[in-house]
Amino acid sequence: MTTTTATGSLTSGGGGEGGGADDRVMATAQQIVNSLNTTKNVREDMLLILSSFDNRLSNISDLIKTVSSSQSSVLDAAEKIILRSDSGISSTVSCDESPKETRDYLSAVDEILDLLDNLSVEPDSEVLDRAETAVQVAMSRLEDEFRHILIRNTVPLDAQSLYGSIRRVSLSFTANEGEIDEDFASFGEVETESVCFHERGASLGDDLCVDLINSEAVMELKEIADRMIRSGYEKECVQVYSSVRREALDECLASLGVEKLSIEEVQKIEWKSLDEKMKKWVQAVKIGVRLLLSGERRLCDVIFNGSDSAREVCFNEIAKGCLMQLLNFAEAVSIVRRSSEKLFRILDMYDALSNVFPDLEAMAMDRFVYGEAKGVLDGLGGAARGTFVEFENAVKSETSRKPMLGGEIHPLTRYVMNYVKLLVDYGDTLNFLLENDDDNELNGLQNDDGERLQLESMAPITRRLLALLSTLESNLEEKSRLYEDGAMQYIFLMNNILYMVQKVKDSELIKILGDQWVRKHRGQIRQYATAYLRAAWSKALSCLKDEGIGGSSNNASKVALKERFKSFNACFEEIYRIQTGWKVPDPQLREELRISISEKVLPAYRSFMGRFGNQLESGRHAGKYIKYTLDDLENYLVDLFEGTPLVLHHLRRKSS
């Protein structure tokens, strides 16, 4: 009943449609034949059933012979292209002047692959062997050509063209000629022509990209990769691509100045050379991840579009080599001997590596390599924290015993203030790194009223800088005691505290330390100025008092008056001789001190002269005692704090 129904259905279709129905029946039969990818016995049984349906299918055996003949013809034509001895792949597939031959070769590969996919009905073992041999030859040649295209079309990296503008700050690592301990001997202000700026690094545009392989070759590579993957040669294709591209990225890193160095080699490098290598590393991480690896990710996505596994394996193999070379250097840096000048470069490296993590995640980086990068980042963070603590300890323990000539600003003060001024650029990073550090040593910080600062409400960097500057002040107070002259101690403290205030006020430090810090330290300077006046001028001013002269202004002892004027002259000349060699670099402070001295000395001298001067002016040798007019004194005071002792010829002329 079933056979009759099937036959009737076919007959009904044929009777209504005529010859067109016959064609459709044969076309259907041909599709069935082409799909018979089963054993020989099963095929024979199925063909017998089909031939019994309708007499029109009685010639199905002829159809099978026709299909086999067609497959053989296809194989012959494809073999002729693939196996011909004068047609090496290098002259056929990628010859720029023969695009037709390239298409013909790839089409021949497709024909054989299609034939193998469809070879099903009574396959001839000889035909099958020929087809598989042709595929092997084609894949070998395609593999070679894949490598050649990759090598020939790799675009060399022009590192210099990638660097954006370098942000420079007016700080340099310059020698201080042994005036302070070794830890502070390499960081000062720019005061010479040969300066060495601290560079945060080139800024790369967000939309910047580079061609790693000539764009016209990318589709050629994809065409070859598609066929190798389809043929079961995915592993060979991936190996070739990964090998060539790893070498290309090694050359890119070399052009960026990144060397393959062991931990031992890094630890032996002198700081100046290491600093340069660290700076290049920062650039290389930005360029390496955001340009090179991102570009490699795009290339893998295009070239291996036909295989998720090939795409991921290729990219991760290529990226692993590049990243591990970068990470190895950073790991070595994180464990080298800590010293103050390395902190900024370590922070640069930490920021650079931290900032590319979103890119690594977006590129689906291998989890092992990603984990290694996280470990190195933590190591750099630990190195930064440790180096900052080393700096704090170095400031606390700096014990140079050579007083600064003229009460000048101490190199330690310059070093520390320039150092912390530069730290502001890393405020966010340091706040993160120092967040959980032990701050017990800060508990003693108090304001002028003795109230505890609200440390818990401050950012970590604020707390640490307040403590650091407090340590610096304590160190400066100790150094001021190196001066035997009490007045000079206060000049030294004024110079140094004012320098600190100016650095804070004129930089982003003011946002961290606040106006209150500035007001407090300006008050300190005023206190030191008052103490200076008392220490430097009390003896001279005591000579201009009435006590001990005897009698009124009309009958005062001339002998006592002569002694008073002589004592005042001697005191003034001694102060003049000494303090013209003292240095007050800030012009405003220098002028304020002169005004304060004038307001103390000139009125006292005027009053004393007004009461007692007339008793000596009428006598012999009056000029020997009354040597200076008010104008003289005022003119001489202008010479104070210039830093160069003046020849006292005018004073000597007065005394001659």
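Values in this document were obtained by computation on a predicted structure and should not be read as measured data.

## Some thoughts on the overall build of the chain
Here is step 1: Helix and strand content of the chain: 25 helices and 3 strands.
Here is step 2: Residues counted as buried form 49% of the 656 residues belonging to the chain.
Here is step 3: Of the contacts formed within the chain by residues at least 6 apart in sequence, a portion of 80% connects residues at least 24 apart.
Here is step 4: For the chain, the accessible surface area stands at approximately 32300 Å², while carbon and sulfur atoms represent 48% of it.

## Regarding empty space enclosed by the protein
With a probe scaled to a water molecule rolled over the atoms, the places where space remains empty come into view.
Here is step 1: For the coordinates displayed, the defined rule picks out 1 cavity of 30 Å³ or more.
Here is step 2: Its volume calculated, the largest cavity comes out at about 60 Å³.
Here is step 3: If you go around the largest cavity, the residues you meet are Gly 257, Val 258, Glu 259, Leu 261, Lys 277, Lys 280, Trp 281 and Phe 329.
Here is step 4: At 3 residues, the largest contribution of residues to the lining of the largest cavity is made by helix α12 (residues 271-303).

## Focus: the packing of helix α14 (residues 343-355) against helix α17 (residues 411-423)
Here is step 1: At their nearest, the axes of α14 and α17 sit 11 Å apart, and the two run at 5° to each other. One finds that α14 runs roughly parallel with respect to α17. Side by side, α14 and α17 meet where Leu 343, Phe 344 and Leu 347 of the first sit next to Tyr 419, Leu 422 and Leu 423 of the second.
Here is step 2: For the contact of α14 with α17, the per-class residue count stands at 6 nonpolar, no polar and no charged.

## Re the nonpolar core
Here is step 1: If you look at the biggest cluster of nonpolar residues, it comprises 181 residues, and the most contacted ones within it are Phe 146, Tyr 241, Phe 304, Leu 423, Tyr 532 and Trp 537.
Here is step 2: Of the residues forming this core, the biggest block, 15 residues, is contributed by α12.
Here is step 3: Discounting chain neighbours no more than four positions away, the residues touching Tyr 241 are Phe 146, Leu 150, Ile 213, Glu 296, Leu 299, Cys 300, Ile 303, Phe 304, Cys 314 and Ile 318.

## Quick word on the side chain of Asp 351
Here is step 1: The residue Asp 351 is located in helix α14 in this model.
Here is step 2: At a separation of 2.6 Å, a polar atom in the side chain of Asp 351 contacts the side chain of Thr 429.

## Comments concerning the confidence of the model for the chain
Here is step 1: Chain-level statistics for the chain give a pLDDT mean of 80 and a share of 72% at 70 or above.
Here is step 2: Put simply, strand β1 (residues 166-172) is where the chain has its lowest mean pLDDT, 37, and helix α20 (residues 486-505) is where it has its highest, 97.
Here is step 3: Contacts of residues 1-18 to residues separated by more than four positions or lying in other chains number 11 contacts, the stretch itself having pLDDT below 50.
Here is step 4: This stretch, residues 59-67, has a pLDDT under 50; its non-local contacts, to residues over four places away or in other chains, come to 14 contacts.

## Thoughts on the pattern of salt bridges
Here is step 1: One pass over the structure, following the stated rule, counts 31 salt bridges.
Here is step 2: In this structure, Glu 642 engages Arg 594 in a salt bridge whose closest nitrogen and oxygen atoms are separated by 2.7 Å. Pair noted here: Glu 642 is in the loop between α24 (630-637) and α25 (649-655) and Arg 594 is in helix α23 (residues 587-617), with a separation of 48 residues, a long-range link.
Here is step 3: The class for Glu 642 is partly exposed, based on a relative accessible area of 36%.
Here is step 4: Since its relative accessible area comes to 9%, Arg 594 is described here as buried.
Here is step 5: Residues joined by salt bridges that share partners form a network here, namely Arg 297, Asp 301, Asp 308, Arg 311 and Glu 312.

## Observations concerning the packing of aromatic side chains
Here is step 1: The tally for this structure, following the rule as stated, stands at 21 aromatic pairs.
Here is step 2: A ring pair is formed by Tyr 415 and Tyr 419, whose centres lie 5.8 Å apart and whose planes are at 15°; its orientation type is stacked. In this pair, Tyr 415 and Tyr 419 are both assigned in helix α17, 4 residues apart and thus about one turn of the helix distant.
Here is step 3: Taking the relative accessible area as the measure of exposure, Tyr 419 reaches 0% and is therefore buried.
Here is step 4: Arranged with centres 5.2 Å apart and planes meeting at 65°, the rings of Phe 565 and Phe 608 form a pair that is edge-to-face. Of this pair, Phe 565 sits in helix α22 (residues 558-579) while Phe 608 is found in helix α23, placing the two residues 43 residues apart along the sequence. With respect to burial, Phe 565 and Phe 608 carry one shared label: buried.
Here is step 5: Each member of the aromatic cluster is reached from another via a ring pair, and the members are Trp 537, Phe 568, Phe 572, Tyr 576, Tyr 605, Tyr 628 and Tyr 636.
Here is step 6: Stacked on the ring of Phe 315, the Lys or Arg Arg 297 has its end atom at 4.5 Å from the ring centre.

## Describing α22
Here is step 1: If you check α22, its first and last C-alpha atoms are 31 Å apart, about what 22 residues at 1.5 Å a residue would give, namely 32 Å.
Here is step 2: Along α22, the residues that are buried comprise Ala 560, Leu 561, Arg 564, Phe 565, Phe 568, Asn 569, Cys 571, Phe 572, Glu 573, Ile 575, Tyr 576 and Gln 579.

## Examining the packing of helix α13 (residues 308-334) against α14
Here is step 1: At a closest axis distance of 11 Å, the pairing of α13 and α14 adopts a crossing angle of 145°. The way α13 lies across α14 gives a crossing that is left-handed. Contact residues: Leu 327, Phe 329, Ala 330 and Val 333 in α13; Ile 346, Met 349 and Leu 353 in α14.
Here is step 2: Taken together, the residues of the contact of α13 with α14 sort by class into 7 nonpolar, no polar and no charged.

## Considerations on unusual backbone geometry
Here is step 1: In the Ramachandran plot, Phe 641 falls in the positive-phi region, its phi being about 65° despite a non-glycine side chain.
Here is step 2: Along the polypeptide, Phe 641 turns up in the loop between α24 and α25.

## Thoughts on the side chain of Lys 222
Here is step 1: Position of Lys 222 among the secondary structure elements: in helix α9 (residues 215-230).
Here is step 2: In this structure, Lys 222 is in contact with Val 302, Ile 303 and Asn 305, ignoring residues within four places of it in sequence.

## Details of the environment of Asp 359
Here is step 1: With respect to the element layout, Asp 359 can be found in helix α15 (residues 357-362).
Here is step 2: For the pair formed by Asp 359 and Leu 293, sequence separation is 66 residues and the distance between their alpha carbons is 9.2 Å.

## Quick notes on the state of the cysteines
Here is step 1: Evaluation of the coordinates by the stated rule reveals 0 disulfides.
Here is step 2: A disulfide-free cysteine, Cys 237 has its sulfur positioned 6.6 Å from the sulfur of Cys 314, the nearest such atom.
Here is step 3: The buried category is assigned to Cys 237, whose relative accessible area is 0%.
Here is step 4: Sulfur of Cys 543: no disulfide; nearest cysteine sulfur belongs to Cys 571 and is 4.5 Å away.
Here is step 5: Judged by relative accessible area, which is 7%, Cys 543 ranks as buried.

What counts and how
Numbering of residues starts from 1 in every chain and runs along the sequence as written. Since the coordinates come from a predicted model, pLDDT governs what is reported: local features require at least 70, and pairs of side-chain atoms require 80 or more to be given and counted, while whole-chain, interface and lining totals use all residues. In computing side-chain properties, one takes all heavy atoms of the structure into account and sets aside hydrogens as well as water. Runs of E in the DSSP output that reach at least two residues are strands. Runs of H or I that reach at least four are helices, and both are numbered from the N terminus. For the exposure calls, accessible area comes from a 1.4 Å probe over protein chains only, and a residue counts as buried if that area is under 20% of its type's maximum, exposed if over 50%, partly exposed in between. Only heavy atoms enter the contact rule, under which two residues are in contact if any of them lie within 4.5 Å. A 1.4 Å probe and the Shrake-Rupley method give the accessible areas. Residues count as covered only by the protein chains that appear here. Here a cavity denotes grid points, spaced 1 Å and computed from the protein atoms alone, that fit a 1.4 Å probe unable to get out, and a pocket denotes an open set having protein on both sides within 12 Å along at least 5 of 7 lines; residues with an atom within 4 Å of a point are the lining. Grid points are joined across faces, edges and corners, and a volume is the space filled by probe spheres set on the points. Helix axes are fitted to C-alpha atoms over the stretch in contact, other axes to C-alpha atoms as well, and angles between N-to-C directions run from 0 to 180 degrees. Here roughly perpendicular refers to angles of 65 to 115 degrees, roughly parallel to angles under 35, roughly antiparallel to angles over 145, and oblique to all remaining angles. Amino acids outside the nonpolar list (Ala, Val, Leu, Ile, Met, Phe, Trp, Tyr, Cys, Pro) and the charged list (Asp, Glu, Lys, Arg) are all regarded as polar, and Gly is one of them. Put simply, buried Ala, Val, Leu, Ile, Met, Phe, Trp, Tyr and Cys residues joined by side-chain atoms within 4.5 Å make one nonpolar core. N or O atoms within 3.5 Å of each other form a polar contact, as long as, within protein, one can give a hydrogen and the other can take it, and as long as residues adjacent in sequence are counted only when both atoms are side-chain atoms. Each residue gets a pLDDT score, which is the predictor's confidence in that residue and runs from 0 to 100. The term salt bridge refers to a side-chain nitrogen of Lys or Arg lying within 4 Å of a carboxyl oxygen of Asp or Glu. Working definition: rings of Phe, Tyr and Trp (its six-membered ring) pair if their centres are within 6.5 Å, and the pair is stacked with planes under 30 degrees apart, edge-to-face with planes over 60 apart, and tilted otherwise. Here, over-ring charges are defined by two tests on the NZ atom of lysine or the CZ atom of arginine: distance to the ring centre within 6 Å, and angle to the ring normal within 35 degrees. Under the convention used throughout, the expected extent of a helix is 1.5 Å for every residue step, that is, one less than its residue count. Left-handed describes a crossing in which the near helix is turned anticlockwise from the far one by less than a right angle; the clockwise case is right-handed. Note on terminology: pairs of cysteine sulfur atoms within 2.5 Å are recorded as disulfides.

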